[in-house]
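Coordinate analysis (summary)
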Amino acid sequence: MILLWLLIVPLAAGPLAFFLRRRQLMEVVNLFAFAVLLCLAAALGVRVLRSGPVSVWDGFFYADALSALVVLLSAFVALVCSIYAVGYFRHDERSGVFQEGEDLGGGRAINKLREYYALTPLFVFSMILVALANNLGILWVAIEGTTLASVFLVMFYGRETSLEAAWKYAIIGGVGLSMALFGTILTYYSAHQALGTDTLAGLNWSALVGNASQFDKPTMRLAFILILLGYGTKAGIAPMHTWKPDAYSEAPIPGAAMLAAGVLNCALYGLVRFYILSSKCLGPELASHLLILFGLLSMGVAVPFILVQKNFRRMLAYSSIDHSGIMVLALGFGGPLGVLGMLLHMTFHSITKPLLFFCAGNVQQQLKTDLFREAKGGLIHSMPLSGGAFLMATLAVTGAPPFSLFLSEFTILRAGFSRGYLVLPVLFVTFLVAIFSGFLIHIANLVLGPDPGIPAAETCRWKKSSVVGSALVIIVMGFWIPAPLFRLIQGAVDIVVSGR
Amino acid sequence: MTFLQDPEFGDRVITLMAALVLVLQIAAVGQRWLVSSIRIFAVQSFLLAAIAGIIAYFNHASHIYIAALLTLILKAGLLPWFLERLVRRIEIRREIEPLINAPLSILIAGCLTLVGYVVAQSFYHPEETSVRAALGHNTLAVAIALFLIGFFTMLNRRKALTQVLGLLSLENGLFLAAISLTYGMPLVVELGIFFDVLVAVMVLGILVFRIREAFDSMDVSKLRKLRE
């Protein structure tokens, strides 16, 4: 039953917000829905830990530790983003950003807000559906659903550049996902002879995973490559990453944060499910080699763009390309340690990334620019909270100790060495260091320095509380991981490594 | 009417129709009028629906009838109607000169068909001589060729609408692969996929319209502001 509620809550909140007329009501509905969602997600985690996988409707929806983890992360990201969104859009409304578009009617602002508050729950609904769908076809449908819901978020401001970004996102995403669909069809084909079923269960993950060793091997090989390209496009690994900087810099901040921290997990979740099938069918070598190749390539591509970046929101996108590369690489290293590193990284990345976006959003709304050159530095004087948090989030996201991403990156490094690789972990560390220095130089220049004399700002309680709240979570997680969360991650590692 | 029960007859009809689908796709590569491209897509989808219907008939797989019906309604009816309306509203009839000219494009499409056959060969298990296994083999080659040619069209064309058409013919290739390889995905999945295709086209249609409004053209090569 809990699985159905997890889906019903966001699905109901979207249309409900659409029929509301007042801004406050929409905000309340959104916040309430996502708070309930987070509680439900936590409850699901507890239940999976206590009594194993949960399923309803003859296994149409199914949740094991891996799905529960992704649901929990999505719900967390959705909640913090919606808290921030309240302050962010109020600021937008006051500063008249909505009025810059084609018509100057007074109803435009409320229509834009309605668009956001109605679409976001649907977007979150598709993310939750990705994790809960047992059927690999439905998984594909849900991932496509996240694209469709978020295209509107990317073109939210209706500028020429947002249209360009949305077009790129929709077309590249569409082609990528059609490859993933082809991969799904081929997986069905390769399983179909072993299972001998024509029914819905023929694509159910819980049915496939037990028989994966009998699948038709050449078909499965091609299927995995197509899936990697397809879901890799959605996760933004190089060379299919080109939509990412545009989409992240054009979407409103809460939407961009959800793309970076939520959709990324969903795409990787899809990839992991097929990784399990393909390594059971073909042995881990093929998948490992491809994943390592694409992972390192993504990290390598991110390095020069972060070093010479002029725009801080695009820089966040390259950081996200780098992180998806790290996770794919960790999966490629494989073994209990590599998979543990990947899932820890996924968890820590999801709690860290939103803060980075929030700070960037605060800075952008205050200075009305997202270029380093025009920002002039010295933000710590006018915006002590956002400036300080920006610096802290930068350290956290680039994996500096004591923040938690250091832990996961170190685990991945150990996994690399323990698999007997030598050059690859060294390359991994080199890229990390380069990205760390580039990122830190840019943000330090932005935050520190002499006071440029901008009047002090930061009065909005919503923006402040979301920044302080996620900063606290990051600091606490640096020193202490709640035991149930860690058990959930370990359960998910068992699923990926042994397929159970 | 005994030939109506003969699977070999079904195989021939399907192969013939798949060949027609491929010919139409190659014709679309050389086509410059938007309305003709849309109509070619509609006829192609109609043929696909017919292929699905025949496969359903000869394999007694009733759920494929639903897929066939959906293809007929959505892809051969609703989507072309929507796209043609869009073309009328934005008043652009012709594709500007594609990146690669028509004769060379057709040649490339031919080569991609060959690639399709080579890839399809690896799925062909001669030891399984049952008619059911052999029935869809040629069709698979056509499906892969459609997928590749759709991909090529998207790279080659610069109008937003022709890129959407490329994406749709790529989806047609997938549909053909799905029915010829496995006699259809489970029905729920197919419904989901159709729904997604429909919504995707609507979303892209809105985008095309907005691009046209903002840039006074649908030429996506004008979308060049976001650069490093």
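Residues numbered from 1 in each chain as written. Chains lettered and ligands numbered in written order. Predicted model: local features only at pLDDT ≥ 70, side-chain atom pairs only at ≥ 80, totals over all residues.

Let's talk about the overall build of chain A
Secondary structure summary: chain A contains 20 helices and two strands in total. Relative to a compact globule of 500 residues, whose C-alpha radius of gyration would be 23 Å, chain A shows 22 Å and is just as compact. Dimensions of chain A, computed from the C-alpha atoms along their principal axes, are close to 70 × 55 × 40 Å. When the 500 residues of chain A are sorted by exposure, 60% land in the buried category. In chain A, 81% of the contacts between residues at least 6 apart in sequence involve partners at least 24 apart. (Helix = DSSP H or I, 4+ residues; strand = E, 2+ residues; numbered from the N terminus. Rg over C-alpha atoms; globule rule 2.2 N^0.38 Å. Buried ≥ 20, exposed ≤ 12 C-beta atoms within 10 Å, placed from the backbone. Contact = placed C-beta atoms within 7 Å.)

Describing the interface of chain A and chain B
Tallying the contact residues gives 34 residues for chain A and 35 residues for chain B. Looking at the side of chain A that touches chain B, the elements that each hand over two or more residues are helix 5 (136-154), helix 6 (160-195) and helix 8 (217-235) of chain A. Considering each element in turn, the side of chain A that touches chain B owes the most residues, 18 residues, to helix 6 of chain A. Residue composition of the side of chain A that touches chain B, by class: 20 nonpolar, 10 polar and four charged. (Nonpolar A, V, L, I, M, F, W, Y, C, P; charged D, E, K, R; others polar.)

Some points on the environment of B:Ala143
Residues and elements named next belong to chain B. Assignment of secondary structure puts Ala143 in helix 6 (residues 137-156). Taking the C-alpha atoms as reference points, Ala143 and Glu84, separated by 59 residues in sequence, lie 25 Å from one another. Those residues in contact with Ala143, other than ones at most four positions away along the chain, are Gly173, Leu176, Ala177 and Ser180.

A few points about the nonpolar core
Grouped burial of nonpolar side chains is what soluble globular proteins tend to show. Residue and element names in this part refer to chain A. By size, the foremost hydrophobic cluster in this structure holds 266 residues, and its most contacted members are Leu69, Val71 and Ile185. Residue contributions to this core peak at 21 residues, all from helix 3 (residues 65-94). Once you skip the residues sitting within four places of it in the chain, Leu69 turns out to touch Leu343, Leu488, Ile489 and Ala492. (Core = buried A, V, L, I, M, F, W, Y, C linked by C-beta atoms within 7 Å.)

Here we look at helix 19 (residues 461-479) of chain A
Note on helix geometry: an α-helix contains 3.6 residues per turn, so any two residues three or four positions apart are oriented the same way. All names here are of chain A. Taking 1.5 Å of rise per residue, 19 residues should cover 27 Å, and helix 19 covers 27 Å from first to last C-alpha, within 8% of that figure. For helix 19, every residue scored as buried is listed here: Lys463, Ser466, Val467, Ser470, Ala471, Ile474 and Met477. End-on view of helix 19: buried residues confined to an arc of 130°, all on one side of the axis. Residues of helix 19 that are exposed and point more than 90 degrees away from the buried face comprise Arg461, Leu472 and Phe479. As for helix 19, its buried residues are in contact with helix 3, helix 13 (335-367), helix 16 (384-397) and helix 17 (404-418). (Expected span 1.5 Å × (residues − 1). Arc of directions from axis to C-beta.)

Interpretation in functional terms is not warranted from these geometric data alone.
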